[in-house]
Amino acid sequence: MGAVLAADGRAGHGTVAGPGSVWGPLLPEGRLRAGTVTAVGGDKGLLLALAAQAVGRRPGAGWAVVGLPSLGALAARDAGLDAGAGLWVDAPGGRWAQVVSLLVSTVPVILLGAPGSAPGRVVRRVAGQVRAHGAVLLVAGPWDGADLRLRVTEARWDGLGAGHGVLRHRRVVVEVSGRGAAGGAPRRAELLLPGPTGMAMPVAEPEPVAPPADQVRAGAAPGRGRALRVVG
């Protein structure tokens with residue numbers, strides 16, 4: 001396993017690239033585009049990490065959670081969101097579409113609990129309003145006609161030994177598919193979600209190990225261990 005850079009940049013176990021490259025392998029241009037709907041399957045950590053990417057580094061930028069009462073402010077803060085700028089509508093019931101319609105004109109990022117079997121005309125109307133206002137809608141579940149679909153296909157925690165130790169981070173494999181400019185074959189990438197800082201981080205390839213000094217002095221080329229054979 002490679003080393004992980006802590007929040008202060010010091011190396012621990014493993015190597016992790018900078019946070020700006022987290023979404024490069026998965027999202028078009030490495031970001032969620034304004035005016036789009038993204039369906040996020042089965043992982044609230046992924047949902048919050050995408051919301052943090054969409055809000056960006058703008059202090060106080062607003063965002064809203066609709067129909068996800070179990071999504072807490074502490075988890076949002078750990079994912080990189082400004083909890084003080086969040087708005088929660090825990091139980092919109094059958095009026096979720098009206099609530100989203102009111103929010104898209106003032107809040108740039110909205111997290112929505114999966115509305116279930118919503119009529120197609122309602123889904124299309126909400127998607128049209130998201131597009132018209134340049135908002136980003138993240139749906140925790142299926143959404144007919146979503147621009148992107150992301151889901152966690154594998155997950156495991158690192159840090160525990162044989163019944164002891166401290167959880168350091170969770171390694172996940174995220175798969176994305178989409179339509180239009182984001183179409184094509186599904187893509188996958190491995191992330192730390194959460195990483196050591198609580199936010200999503202990319203997993204880099206382990207750094208190459210230098211050959212022992214005595215091997216270098218002997219003139220042996222690194223990576224070459226083939227035996228010589230006398231012919232003739």
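Residues numbered from 1 in each chain as written. Predicted model: local features only at pLDDT ≥ 70, side-chain atom pairs only at ≥ 80, totals over all residues. Heavy atoms only, no water.

Enquirer: Help me understand the overall build of the protein in this model?
Expert: What the protein contains, in helices and strands, is five helices and 11 strands. The proportion of buried residues among the 232 residues of the protein is 38%. The long-range fraction of contacts in the protein, counting pairs at least 24 apart against all pairs at least 6 apart in sequence, stands at 61%. As presented, the protein carries roughly 12,900 Å² of accessible surface, and 55% of it is formed by carbon and sulfur atoms. (Helix = DSSP H or I, 4+ residues; strand = E, 2+ residues; numbered from the N terminus. Buried < 20%, exposed > 50% of the residue type's maximum accessible area, 1.4 Å probe, protein only. Contact = heavy atoms within 4.5 Å. Areas by Shrake-Rupley, 256 points an atom, 1.4 Å probe, with all protein chains shown as cover.)

Enquirer: Sorry if this is basic, but what is going on with the environment of V130 here?
Expert: Note on placement: V130 falls in helix α4 (residues 120-133). A sequence separation of 27 residues divides V130 from L103, and the C-alpha atoms of the two residues are 9.6 Å apart. Discounting residues that sit within four places of it in the chain, V130 has contacts with G35, T36, V37, V104, A135, V136 and L137.

Enquirer: Any chance you could explain the pattern of salt bridges here in plain terms?
Expert: A side chain of one charge can pair with a side chain of the opposite charge when the charged atoms of the two come close. For the structure shown, the criterion picks out six salt bridges. E175 serves as the salt-bridge partner of R151, at 3.3 Å between the closest nitrogen and oxygen. With a gap of 24 residues between them, R151 in strand β8 (residues 148-160) and E175 in strand β9 (residues 165-178) connect regions that are remote in the sequence. The class of E175 is buried, set by a relative accessible area of 12%. Beyond isolated ion pairs, a larger network of salt bridges with shared partners links R151, E175 and R188. (Salt bridge = Lys/Arg side-chain N within 4 Å of Asp/Glu carboxyl O.)

Enquirer: So what exactly am I meant to see when it comes to the pairing of strand β3 (residues 36-41) here?
Expert: Along a regular strand, successive side chains alternate from one face of the sheet to the other. β3 sits mainly inside the fold: five of its six residues count as buried. With four bridges joining them, β3 and strand β7 (residues 136-140) adopt parallel strand pairing. Note that in β7 the partner of T38 across the bridge is L138. (Pairing = 2+ DSSP bridges.)

Enquirer: What am I meant to see in the side chain of T38 here?
Expert: Secondary-structure assignment places T38 in strand β3. Under the relative-accessibility criterion, T38 is labelled buried at 0%.

Enquirer: Any chance you could explain the side chain of R170 here in plain terms?
Expert: Of note, R170 is situated in strand β9. In terms of polar contacts, R170 uses its side chain to reach the backbone carbonyl oxygen of L193, at 2.6 Å. The contact partners of R170, leaving out residues within four places of it in the chain, are D43, A155, R156, W157, L191, L192, L193 and P194. (Polar contact = N/O pair within 3.5 Å; in protein donor to acceptor, adjacent residues only side chain to side chain.)

Enquirer: I'm lost on the packing of helix α3 (residues 96-103) against α4 in this one. Help?
Expert: Packed helices, taken two at a time, are described by the angle their axes make and the gap between the axes. Remark: α3 packs on α4, axes separated minimally by 10 Å, with the N-to-C direction vectors making an angle of 10°. In this view, α3 runs roughly parallel relative to α4, as classed from their interaxial angle. Contacts from W96, A97, V100 and S101 in α3 reach V122, R125, V126 and Q129 in α4. Here the contact of α3 with α4 is built from residues that sort into five nonpolar, two polar and one charged. (Axes fitted to C-alpha atoms, helices over the stretch in contact; angles between N-to-C directions. Parallel < 35°, antiparallel > 145°, perpendicular 65-115°, else oblique. Nonpolar A, V, L, I, M, F, W, Y, C, P; charged D, E, K, R; others polar.)

Enquirer: What is the right way to read the pairing of β7 from this model?
Expert: Buried residues dominate β7, accounting for four of its five residues. In this structure, strand β6 (residues 109-113) lies alongside β7, joined through five bridges in parallel fashion. Bridge assignment links L111 to a residue of β7, and that residue is L138. One crossover worth recording links β6 to the parallel β7 by way of α4, and it is right-handed. (Right-handed = clockwise from strand over helix to strand, strands pointing away.)

Enquirer: Just to check I follow, could you spell out the packing of aromatic side chains for this structure?
Expert: Centre distance and the angle of the planes are the two values used to describe a pair of aromatic rings. Enumeration according to the criterion identifies two aromatic pairs in this entry. Each ring, one from W96 and one from W143, has its centre 6.0 Å from the other, and the planes form 80°; the classification is edge-to-face. Separated by 47 residues along the polypeptide, W96 in helix α3 and W143 in the loop between β7 and β8 bring together distant segments of the chain. Residue W96 shares its accessibility class with W143, and that shared class is buried. (Phe/Tyr/Trp six-rings, centres within 6.5 Å; stacked < 30°, edge-to-face > 60°.)

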